[in-house]
Amino acid sequence: MTPTWTDQAPIYQQLADRLAVQLLDGSPPEGEALPSVRQLASTYVINPLTVTRALQALSDHGLIETRRGLGMFVTMGARNRLLKQEREQFLQKDWPALRAKLKRLGLTAKDLNWEST
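The structure presented is a predicted model; accordingly, all values stated were derived computationally and were not measured.

### Quick notes on the overall build of the chain
Scanning the chain from N- to C-terminus turns up four helices and two strands. Going from N to C terminus, the chain has its helices and strands arranged as α-α-α-β-β-α. When its C-alpha atoms are laid out on the principal axes, the chain stretches across 55 × 30 × 30 Å. Buried positions account for 25% of the 117 residues belonging to the chain. Taking the contacts inside the chain whose residues are at least 6 apart along the sequence as the reference set, 55% of them involve residues at least 24 apart.

As structure tokens, this is what we get:
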């Protein structure tokens, strides 16, 4: 299945976001190598330069590092840093909008099922 991309953000940013979600899920684990640029380009059916730009964005945030001659590796503590960043963004940006929508719809905590069935 070919991944789909939206017009909401540049493709490199969408890829960086997808890879960040995988890092949050522990794949690959901290200290382990990421797939090569060519592998990622093939998997996501995009230009290798776009992959490189996405990886640079993750590197700029300290989530991955380059090991000369070996490839890109997940830095130690990357998951915790990413989790902290994602929580802050959710609480500052996403939650207020979600809370406002719930209020508009007249939904309360009793209406929400937190456990998946």
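Let us keep going from here.
### Some points on the side chain of Thr75
With respect to the helices and strands, the residue Thr75 is situated in the loop between strand S2 (71–74) and helix H4 (78–105). Those residues in contact with Thr75, other than ones at most four positions away along the chain, are Glu30, Gly62, Leu63, Ile64, Glu65 and Arg81.

### Digging into the nonpolar core
Soluble globular proteins tend to bury their nonpolar side chains together. Leu15, Leu19, Val51, Leu55, Leu58 and Ile64 are the most contacted members of the largest nonpolar core, which totals 23 residues. With seven residues, the top contributor of residues to this core is helix H1 (residues 11–24). Not counting residues within four places of it along the chain, the set of residues in contact with Leu55 comprises Leu19, Leu34, Val37, Leu40, Ile64 and Met72.

### Observations regarding H1
Helical geometry: 3.6 residues make up each α-helical turn, so side chains three or four residues apart lie on a common side. A rise of 1.5 Å per residue sets the reference length of H1, with its 14 residues, at 20 Å; its end C-alpha atoms lie 20 Å apart and thus fit the reference within 8%. Where H1 is concerned, the buried positions are Tyr12, Gln14, Leu15, Ala16, Leu19, Ala20, Leu23 and Leu24. As for H1, its buried residues are in contact with helix H2 (37–44), helix H3 (48–60), strand S1 (64–67), S2 and H4.

### Section: the layout of surface pockets
Looking at the largest pocket, its volume works out to about 220 Å³. At six residues, H1 tops the list of elements feeding residues into the lining of the largest pocket. Class assignment of the residues belonging to the lining of the largest pocket gives a composition of eight nonpolar, four polar and two charged.

### A few points about a nonpolar patch on the surface
There is a patch of nonpolar side chains on the surface, built from Phe90, Leu91 and Leu98 and spanning about 270 Å² of accessible area. Structurally, the position occupied by Leu91 is in helix H4.

### A word on the packing of H1 against H3
Contact pair H1 / H3: the axes reach a minimum separation of 8 Å and the direction vectors enclose 55°. Compared by their axis directions, H1 and H3 come out oblique. Seen from above, H1 lies across H3 with right-handed handedness. Along its contact with H1, which presents Ile11, Tyr12, Leu15, Ala16, Leu19 and Ala20, the element H3 presents Thr50, Val51, Arg53, Ala54, Leu55, Ala57 and Leu58.

### Comments concerning the packing of H2 against H3
Any two packed helices are characterised by how steeply their axes cross, that is the angle between the axes, and by the distance between the axes. Direction vectors running N to C along H2 and H3 enclose 110°, while the axes themselves pass 9 Å from each other. The angle between H2 and H3 falls in the class roughly perpendicular. With respect to the hand of their crossing, H2 and H3 are arranged in right-handed fashion. Facing Val37, Leu40 and Ala41 of H2, the residues of H3 in contact are Pro48, Val51, Thr52 and Leu55. Per-class residue counts for the contact of H2 with H3 are six nonpolar, one polar and no charged.

The rules behind these values
- Residues numbered from 1 in each chain as written.
- Predicted model: local features only at pLDDT ≥ 70, side-chain atom pairs only at ≥ 80, totals over all residues.
- Heavy atoms only, no water.
- Helix = DSSP H or I, 4+ residues; strand = E, 2+ residues; numbered from the N terminus.
- Buried < 20%, exposed > 50% of the residue type's maximum accessible area, 1.4 Å probe, protein only.
- Contact = heavy atoms within 4.5 Å.
- Core = buried A, V, L, I, M, F, W, Y, C linked by side-chain atoms within 4.5 Å.
- Expected span 1.5 Å × (residues − 1).
- 1 Å grid on protein atoms, 1.4 Å probe; cavity = no way out; pocket = protein on both sides within 12 Å on 5 of 7 lines; lining within 4 Å.
- Points joined across faces, edges and corners; volume = space filled by probe spheres on them.
- Nonpolar A, V, L, I, M, F, W, Y, C, P; charged D, E, K, R; others polar.
- Patch = residues over 30% accessible without salt bridge, like charges linked within 9 Å, V, L, I, M, F, W, Y side chains within 5 Å.
- Areas by Shrake-Rupley, 256 points an atom, 1.4 Å probe, with all protein chains shown as cover.
- Salt bridge = Lys/Arg side-chain N within 4 Å of Asp/Glu carboxyl O.
- Axes fitted to C-alpha atoms, helices over the stretch in contact; angles between N-to-C directions.
- Parallel < 35°, antiparallel > 145°, perpendicular 65-115°, else oblique.
- Left-handed = near helix turned anticlockwise from the far one by under 90°.

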